[in-house]
2 protein chains.
Amino acid sequence: MQDRTYTADAEPGDDVTVAGWVHEIRDLGGIAFLILRDATGKIQVKFEKDEMDEDLVETGLGVARESVVKVSGAVEEEPRAPTGVEVTPESLEVISAADPELPLDPSGKVDAEMSTRLDNRTLDLRKEEVQAVFEIRAEILRAVREQFREFGSTEITTPKIVATGTEGGTELFPITYFGEEAFMNQSPQLFKQLIAGSNVERVFEIGPIFRAEEHNTPRHLNEATSIDFEGAFCDQNDAMDVVEGVVTAAYEAISENCQDELEALGLEEEFEVPDEAFPRISYEDAIERINATGELDEQLVWGDDLSTAAEEALGADVGGHYFITDWPSEIKPFYIKDHDDDEQLSTGFDLMHPRMELVSGGQREHRHEKLIEGFEQQGLDPDQFEYYTKMFKYGMPPHAGFGLGGERLVMTILGLENIREAVLFPRDRQRLSP
Amino acid sequence: MQDRTYTADAEPGDDVTVAGWVHEIRDLGGIAFLILRDATGKIQVKFEKDEMDEDLVETGLGVARESVVKVSGAVEEEPRAPTGVEVTPESLEVISAADPELPLDPSGKVDAEMSTRLDNRTLDLRKEEVQAVFEIRAEILRAVREQFREFGSTEITTPKIVATGTEGGTELFPITYFGEEAFMNQSPQLFKQLIAGSNVERVFEIGPIFRAEEHNTPRHLNEATSIDFEGAFCDQNDAMDVVEGVVTAAYEAISENCQDELEALGLEEEFEVPDEAFPRISYEDAIERINATGELDEQLVWGDDLSTAAEEALGADVGGHYFITDWPSEIKPFYIKDHDDDEQLSTGFDLMHPRMELVSGGQREHRHEKLIEGFEQQGLDPDQFEYYTKMFKYGMPPHAGFGLGGERLVMTILGLENIREAVLFPRDRQRLSP
């Protein structure tokens, strides 16, 4: 529709054709208004019943809410209109009439359950505040990619159908691949390492990962977006620098480019770009601090994994993003390298938001022998992973990286209650459609 | 490795630490050279045997090719060195020794079969010309996304695990989802339409698609990257404008930002940015032109699909990118809208490169009743797609869009013979690993 003007661009004095959805009709008797909504905002269309073509008035005021209409006419200033201007229609066409019974009210006046919203995402996304989440999500991905390029990394695409999962185990969705058993990949881990070991050196990928975990919580998805980085000649500290860079870049981009969206979400006041380096707290210090809060029933001892309650206690204590470094080796996966001077201590780290874990990373084990040992300790058959391990015999540099949960990043930045609000069509234990 | 200098940044007069792979060792007797390679290029390391520490010389010259080493020393001008500079090592450390027997020669002196290359991608990607393909691929994706944003579209992520395929049929990989039958999505078609029908209006996605086709050709993959666009209030001509914009933007970005990579591929002379609009040829005119070439054994008649031979004949005749428009409705999928004044004629279009089809697109059927009819005509049960069709009752605007094959775009831009050269870890009928 080449001649269409977005409502946000309609200026007094213009003759325009606008097209969009019927947001609301207000009939005041002699005068009536149709509020038309499009991607950029809303505009008031004025009907003066006695002075205008009868058919036009009848069509314009008889149409059901959420129908799609096209209106041509002159734009005039009107301080009482929601956006300060209004259109007096010369012509009006109903392009797509909506059923008067809607399963969900896009004006947002009636609250809807999460499942109703997800079943009717098209209608749900006609709400300004829902649209804002996904405009911001797109901006986050843009900013993160730009920041990865600033770090000299190259975007890669790794396969989602794989012969073996990264960590084996039962958390894989099985797939039939031309009669052979295969799986949906749970992480690009092994593949990004294989490319970091080539001349490309530093790589990133933003793509789907699949986990058959039976969790059904406000912070787990069975199909999620993973933001991955891997860099040759990097150690865990370099990887943490990259994490800090991309997370901060996401906040900065929103602050610079998404003020309207923040307003739609009512966040324009409270939104803040992190202005300090994220503290790097060793696992050992972390359990001490958690114990000191007195929030847990039982004191943590070295070697314990951190429960949600423990994470929350520490998050409240720190009050912002923080890293937990130097985890016990046995808690971290086999591909994470141990410290050279202490095999009990891994180079693995997590980036925590006060609400939840966002990132898991570390320096990787790049020594072939140690890697094979790691597979065996994990109870995995190294032969099944030979496609991966053999490349470690041909000059694998030290390397480090991380995986950042895309939806968790959106969720924590915007303070969303449920991770399902950060993805258009969530996949969980119960939901496979739409 | 915070103190490391990329070889490309090593300037005469600097004291540097460089790290990378041993590309080659040339021993000339009293003097010897180690060529060190990293992501940015190569640098010569000089060994004067009688004047340098014996251990250092022995370590440096005794190391196997493709081992990872770290060298510190002064950079000096040396016109006879491959890059005009050389390093005289003060110290040298072998970080990761390579097995002297390599399954593939990254210096490129020995040709390798495609399957050997794919089995050893890490080594394969240490070749300058292979690295160049993937650096360019990343640049193409960056440029395409930027161009989509120029067109006012928002990046979306749609699910890859779905309850029903876009076009049904047998070309779906089945997956077991918590005991339920599900599939890997073959196209984001239905999902992107659902979002185009919301306030977001214009959307794009670059993501994996999965097709269980038994093709095994140099131009088919079973897991591919699809570049998708959908826009509300767009018709097929608008969609073709967007196609033209993103494809041209990809060429322009390479021309501006990838001259080194084009040189590595020997394409610096022949690479050309398309400088004219892509001709839009109706299907009717296309079959006439194909028949006129005399290249086919049998004359085409209206309603025939175009064989590979037919496409090649027309491609040679046109000599560049071109659209084929106004296809017979029965050849195009049900969700493509027919012309209002001729139900036999669809608004579907393809973008063709002289070598192959790149894009399939069109205006979509947005009328609920017509859409249900389309499902039935296609032999699909509309009830199975109710999650999709019901949204067409609530004000679905006219909309249009397309899907562009990511690997085909890379392949045609760079003149690659086999689509497997355009993806890091291809998935085909035989290959599931790595």
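What you see is a predicted model, and the numbers here were worked out from it, not measured in a lab. (Residues numbered from 1 in each chain as written. Chains lettered and ligands numbered in written order. Predicted model: local features only at pLDDT ≥ 70, side-chain atom pairs only at ≥ 80, totals over all residues. Heavy atoms only, no water.)

## Thoughts on the UniProt feature "binding site: Mg(2+) 3" (unreviewed entry) in chain A
Residue and element names in this part refer to chain A. Taken from the UniProt record, the annotation "binding site: Mg(2+) 3" (unreviewed entry) applies to Glu357. As for its position among the elements, Glu357 is in strand β17 (residues 356–363). Each residue touching Glu357, except ones within four places of it in the same chain, is listed here: Glu311, Asp350, Leu351, Met352 and Arg408. (UniProt positions renumbered as here; feature names shortened; annotations may be inferred. Helix = DSSP H or I, 4+ residues; strand = E, 2+ residues; numbered from the N terminus. Contact = heavy atoms within 4.5 Å.)

## Some details on the UniProt feature "binding site: L-aspartate" (unreviewed entry) in chain A
Residue and element names in this part refer to chain A. Here, UniProt's "binding site: L-aspartate" (unreviewed entry) annotation points to Glu167, Arg211, Ser360 and Arg364. Residues in contact with Arg364, not counting those within four places in the same chain, are Gln189, Lys192, Gln193, Phe229, Glu230, Tyr335, Ile336, Lys337, His399, Ala400, Gly401 and Phe402. Among the polar contacts made by the side chain of Arg364, one reaches the side chain of Glu230 at a distance of 2.7 Å. (Polar contact = N/O pair within 3.5 Å; in protein donor to acceptor, adjacent residues only side chain to side chain.)

## A look at the packing of aromatic side chains
Per the counting criterion, the structure on display carries 40 aromatic pairs over all chains. On the numbers, 6.3 Å between centres and 25° between planes, the contact of B:Phe191 with B:Tyr387 is stacked. One end of the pair, B:Phe191, is in helix α5 (residues 189–196); the other, B:Tyr387, is in helix α11 (residues 386–389), and 196 residues separate them in sequence. We note that B:Phe191, like B:Tyr387, is buried. Measuring from centroid to centroid gives 4.9 Å for B:Tyr388 and B:Phe392, while their planes differ by 65°, and the two rings are edge-to-face. By the burial criterion, B:Tyr388 is buried, and B:Phe392 matches it. Among the aromatic residues, ring-to-ring pairing joins A:Phe334, A:Tyr335, A:Phe375, A:Phe385, A:Tyr388 and A:Phe392 into one connected group. (Phe/Tyr/Trp six-rings, centres within 6.5 Å; stacked < 30°, edge-to-face > 60°. Buried < 20%, exposed > 50% of the residue type's maximum accessible area, 1.4 Å probe, protein only.)

## A look at the sheet that holds strand β6 (residues 154–155) of chain A
All names here are of chain A. Taking strand neighbours across the sheet as the criterion, the eight strands line up as β6-β10-β11-β18-β17-β16-β13-β12 in an open arrangement whose pairing is mixed. Edge positions in the sheet fall to β6 and β12 (280–282), since each has one partner strand and no second. Pairing between β12 and strand β13 (residues 322–325): three bridges, direction parallel. The partner of Ser282 across the bridge, within β13, is Thr325. Contacts between helix α8 (residues 283–293) and the sheet are confined to β12 and β13, with β12 contributing the most and set at about 85° to the helix. (Pairing = 2+ DSSP bridges. Axes fitted to C-alpha atoms, helices over the stretch in contact; angles between N-to-C directions.)

## Remarks on the relation of the copies chain A and chain B
The two copies are related by a screw motion: chain A maps onto chain B through a turn of 180° and a shift of 0.0 Å along the axis, at an RMSD of 0.0 Å. The symmetry that links the two subunits is that of a two-fold axis. Distance from the rotation axis, computed per C-alpha, reaches its smallest value in chain A at A:Ile175: 2.2 Å. (Least-squares fit on C-alpha atoms with pLDDT ≥ 70 in both.)

## Section: the interface of chain A and chain B
If you look at the interface, chain A gives 98 residues, while chain B gives 98 residues. Taken together, the two surfaces of chain A and chain B that pack against each other cover about 8100 Å², and 59% of this comes from carbon and sulfur. Taken as a group, A:Phe178, A:Asn199 and A:Phe233 account for 10% of the area that chain A buries against chain B, more than any other trio of residues on that side. Our enumeration of links across chain A and chain B arrives at four salt bridges. A:Glu155 is paired through a salt bridge with B:Arg145; the nearest N and O atoms lie 2.6 Å apart. The interface formed by chain A and chain B holds 40 residue pairs in polar contact (both at pLDDT 80 or more) in total. The biggest single contributor to the side of chain A that touches chain B is helix α4 (residues 128–150) of chain A, with nine residues. (Buried area = accessible area lost by both parts, 1.4 Å probe. Salt bridge = Lys/Arg side-chain N within 4 Å of Asp/Glu carboxyl O.)

## Comments concerning the domain arrangement of chain A
Residues and elements named next belong to chain A. Its domain assignment divides chain A into domain 1 (7–96) and domain 2 (122–278 + 320–422). Between the C-alpha centres of domain 1 and domain 2 there is a distance of 47 Å. Counting residues at the interface gives five residues for domain 1 and four residues for domain 2. Taken together, both faces of the contact between domain 1 and domain 2 bury some 330 Å²; the carbon and sulfur share is 35%. The salt bridge partner of Glu66 is Arg126, with a shortest N-O separation of 3.0 Å. Put simply, domain 1 and domain 2 have two residue pairs in polar contact (both at pLDDT 80 or more) between them. (Domains from an automatic or database assignment.)

## Notes on empty space enclosed by the protein
Evaluated as defined, the whole model comprises eight cavities of 30 Å³ or more. Taken as a whole, the largest cavity spans an internal volume of roughly 260 Å³. Together, 23 residues line the largest cavity, and A:Ile206, A:Gly207, A:Pro208, B:Ile206 and B:Gly207 are the ones closest to its centre. Of all the elements in the fold, those that place two or more residues in the lining of the largest cavity are α4 and β10 (202–210) of chain A together with α4 (128–150) and β10 (202–210) of chain B. (1 Å grid on protein atoms, 1.4 Å probe; cavity = no way out; pocket = protein on both sides within 12 Å on 5 of 7 lines; lining within 4 Å. Points joined across faces, edges and corners; volume = space filled by probe spheres on them.)

## Observations concerning the pattern of salt bridges
Residues and elements named next belong to chain A. For the coordinates displayed, the defined rule picks out 66 salt bridges over all chains. Notably, a salt bridge pairs Lys49 with Asp27, separated by 2.5 Å at the nearest N-O pair. Linking Lys49 in the loop between β3 (41–48) and α1 (54–62) with Asp27 in strand β1 (residues 15–27), this pair joins segments that are 22 residues apart in sequence. Classification of Asp27 as partly exposed rests on a relative accessible area of 45%.

## A few points about the packing of helix α8 (residues 283–293) of chain B against helix α9 (residues 308–318) of chain B
Residues and elements named next belong to chain B. The N-to-C vectors of α8 and α9 enclose an angle of 90°; their axes lie 9 Å apart at closest approach. As judged from the angle between their axes, α8 and α9 are roughly perpendicular. Residues Ala286, Arg289, Ile290 and Thr293 of α8 pack against Ala310, Ala313, Leu314, Asp317 and Val318 of α9. Residues belonging to the contact of α8 with α9 are distributed by class as follows: six nonpolar, one polar and two charged. (Parallel < 35°, antiparallel > 145°, perpendicular 65-115°, else oblique. Nonpolar A, V, L, I, M, F, W, Y, C, P; charged D, E, K, R; others polar.)

## Points about unusual backbone geometry
Residues and elements named next belong to chain A. The omega angle of the peptide bond from Ser433 to Pro434 is 0°, so this bond is cis rather than trans. Phi at Asp326 is positive, roughly 55°, even though this residue is not glycine. Note on placement: Asp326 falls in the loop between β13 and β14 (338–339). Residue classification places Asp326 among the partly exposed residues on the basis of a relative accessible area of 22%.

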